[in-house]
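Here are the chains, one letter per residue:
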Amino acid sequence: EAFAAVLRGESVRREMQLDLPAGERFFDFTMRPVFDQHGVVSAVLPEAVDITERRGMELALQASQRFTRSVLDGLSAHVCVIDANGVIVTVNRAWLDFAAGNGGSLGDLQEGANYLGVCEFAASRSTPDAAEAGQFLVLLREGLAGHRLHFELEYACHSPAEKRWFMVGVSRIE
């Protein structure tokens, strides 16, 4: 199939796994057509690049990401990691479960959302919690700007069914 495609003038690229006497190796294998002066395929140019080391690093990175995800999701604390612009990079299961169970908009509270925008909205509203949201926003901006490495703030987050207070801890990481 691949060889027929090259004879039709198409380049073909495949990743191949080979069991060699020296052990399992992975190759990025490409076949390109070579055309004569009439535009007819006259030869096939094969190329194989050993990508075993890269493949091993990719598998190790995937394992590390799975481990990190399971550690985050195993925490009972609500964890949200944001970048320097206030965009959510990752959250854990406890964060998502709390947001979903308490009327939060998951679109505003999941990866890729602008958490600073959510905080700005909360601080701008005429609610009893707006002052605390504003205080948190100031501290968060100071942290993002590098003026604070860590802060903690206790705040009220009452629901219609119960009075609740939370302690938020924010730490700047590189």
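Refer to the structure above for everything that follows.
One structure accompanies this document, and this report is about it. (Residues numbered from 1 in each chain as written. Predicted model: local features only at pLDDT ≥ 70, side-chain atom pairs only at ≥ 80, totals over all residues. Heavy atoms only, no water.)

### So, the state of the cysteines
When the sulfur atoms of two cysteines share a covalent bond, that bond is a disulfide. Using the following cut-off: Two cysteine sulfur atoms make up a disulfide if the distance between them is within 2.5 Å. Exposure is judged per residue with a 1.4 Å probe applied to protein chains only, and the accessible area is read against the type maximum: over 50% gives exposed, under 20% gives buried, and values in between give partly exposed.
The tally for this structure, following the rule as stated, stands at zero disulfides. Cysteine 80 carries a free sulfur, and the closest cysteine sulfur to it, the one in cysteine 119, is 8.6 Å from it. The exposure class of cysteine 80 is partly exposed, given its relative accessible area of 24%.

### Points about the pairing of strand E5 (residues 88-91)
Here is the rule: Here a strand pair is declared whenever DSSP counts at least two bridges between the two strands. Only runs of H or I of at least four residues qualify as helices and only runs of E of at least two qualify as strands under DSSP, and these elements are numbered from the N terminus.
Here three bridges tie strand E4 (residues 80-82) to E5, and the two strands are oriented antiparallel to one another. By the bridge assignment, cysteine 80 is partnered in E5 with valine 91. Hairpin connection between E4 and E5: a loop of five residues separates the two successive antiparallel strands, and glycine 86 in this loop has a positive phi of roughly 85°.

### Concerning a nonpolar patch on the surface
Heads up, the rule is: Any residue with relative accessible area above 30% and no salt bridge may belong to a patch, with like charges joined within 9 Å and the nonpolar Val, Leu, Ile, Met, Phe, Trp and Tyr side chains within 5 Å. Calculation of accessible area relied on Shrake-Rupley with a 1.4 Å probe; when residues are assessed, cover is drawn exclusively from the protein chains displayed. Salt bridge criterion: a side-chain nitrogen from Lys or Arg within 4 Å of a carboxyl oxygen from Asp or Glu.
A cluster of nonpolar side chains, Met16, Leu18 and Leu20, forms an exposed patch at the surface whose accessible area comes to about 220 Å². On the secondary structure map, leucine 18 appears in strand E1 (residues 12-20).

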